Amino acid sequence: MIARIGLTGGIGSGKSTVAAELVACGAWLVDTDAIAHALTGPGGAALPALARAFGPGVIGADGALDRAHMRSLAFADPAARQRLEALLHPLIGAEADARAARAEGRVVVFDVPLLTERPHWRARVDRVLVIDCPEALQVQRVMARSGWTADAVQRVMGQQASRVQRRAIADAVIHNGPDTTLPALQAAVRTLWAAWCAPGAAQGPCPAAPQGNRQG
């Protein structure tokens, strides 16, 4: 039985819904987005270093990182994005390891949006699961749930790996398109869980994952 799964997908792909179903199957979830939010929330451990690197203006009135302001800085200046990542990624990695250590024998799922872009994450896991959907659907979903403009969503997508790049590093792909349903997506996850994580599951090449759809 494999011990660690890397879960990734573009913004609006449905990755969060898949993560929840993996937890329902028995996985221990390490959500790197949630870790990043904790590190940059009120009183977060990353805030002093971020204020030193980018100025006190990146800290909002609520005492948390002003994410919209930080996004605008990172989009406008690649060097600023690199400084941000250099500050946050080691902290995220350390906290992810600490949370994974509490799995108590369960399969650990690392939910990592930038797994494709970060080879060190791929080296940490036994298998990579990619959630894939058309880019137009990603834009539609994020606009509906977050109130962002299409341009804002597309700028975020432009900073992420392409669909082709994500699929190239995948051990399995669950396609989460416009014609699939939540039950179909859940069934796809359960089928893959049985193939990868059930006692006695084969450790050779993984089977093709069935299809499934839901935003997340």
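A.B. asks: Now, about the packing of aromatic side chains: what can you tell me, with residues and values included?
C.D. replies: Within the structure shown, the criterion is met by 1 aromatic pair. With centroids separated by 5.6 Å and ring planes inclined at 55°, the aromatic side chains of F110 and W121 adopt a geometry described as tilted. With F110 in strand β3 (residues 108-111) and W121 in helix α6 (residues 119-122), the pair connects residues that are 11 residues apart, well separated along the chain. Taking the relative accessible area as the measure of exposure, F110 reaches 0% and is therefore buried. Note on W121: relative accessible area 6%, which makes it buried. Over the ring of W121 we find R124; its NZ or CZ atom is 4.3 Å from the centre of that ring.

A.B. asks: Please set out the nonpolar core residue by residue, giving values where relevant.
C.D. replies: Formed by 27 residues in total, the largest nonpolar core has its most connected members in V30, L50, F54 and F110. Examining the composition of this core, we find that 6 residues originate from one element, helix α5 (residues 78-100), more than from any other. The residues touching V30, leaving out its near neighbours within four places in the chain, are I35, A96, R99, A100, V108, V109, F110 and D111. In this structure, L129, A172, A188 and V189 belong to the second largest nonpolar core, which totals 20 residues.

Calculation criteria
- Counting from 1, residues in each chain are numbered in the order their sequence is written.
- Per-residue local features of the predicted model are confined to residues with pLDDT of at least 70, and side-chain atom pairs are confined, for both listing and counting, to 80 or more; whole-chain, interface and lining totals are unaffected and use all residues.
- Processing note: side-chain calculations cover all non-hydrogen atoms of the structure and skip hydrogens and water entirely.
- Aromatic rings from Phe, Tyr and Trp, taking only the six-membered ring of Trp, are treated as a pair when their centres fall within 6.5 Å; an angle between ring planes under 30 degrees marks them as stacked, one over 60 as edge-to-face, and anything in between as tilted.
- Comment: elements are numbered from the N terminus, with helices defined as DSSP H or I runs of at least four residues and strands as E runs of at least two.
- Classification of residues uses two cut-offs on accessible area relative to the type maximum, computed with a 1.4 Å probe and protein chains only: under 20% is buried, over 50% is exposed, and between them is partly exposed.
- Think of it as a cone above the ring: NZ of Lys or CZ of Arg counts as a charge over the ring if it is within 6 Å of the ring centre and within 35 degrees of the ring normal.
- Think of a nonpolar core as a cluster: buried Ala, Val, Leu, Ile, Met, Phe, Trp, Tyr and Cys residues, connected wherever their side-chain atoms sit within 4.5 Å.
- Contacts are residue-level and defined by heavy atoms, with any inter-residue pair within 4.5 Å sufficient.

Function-wise, these values are silent; they only describe arrangement.
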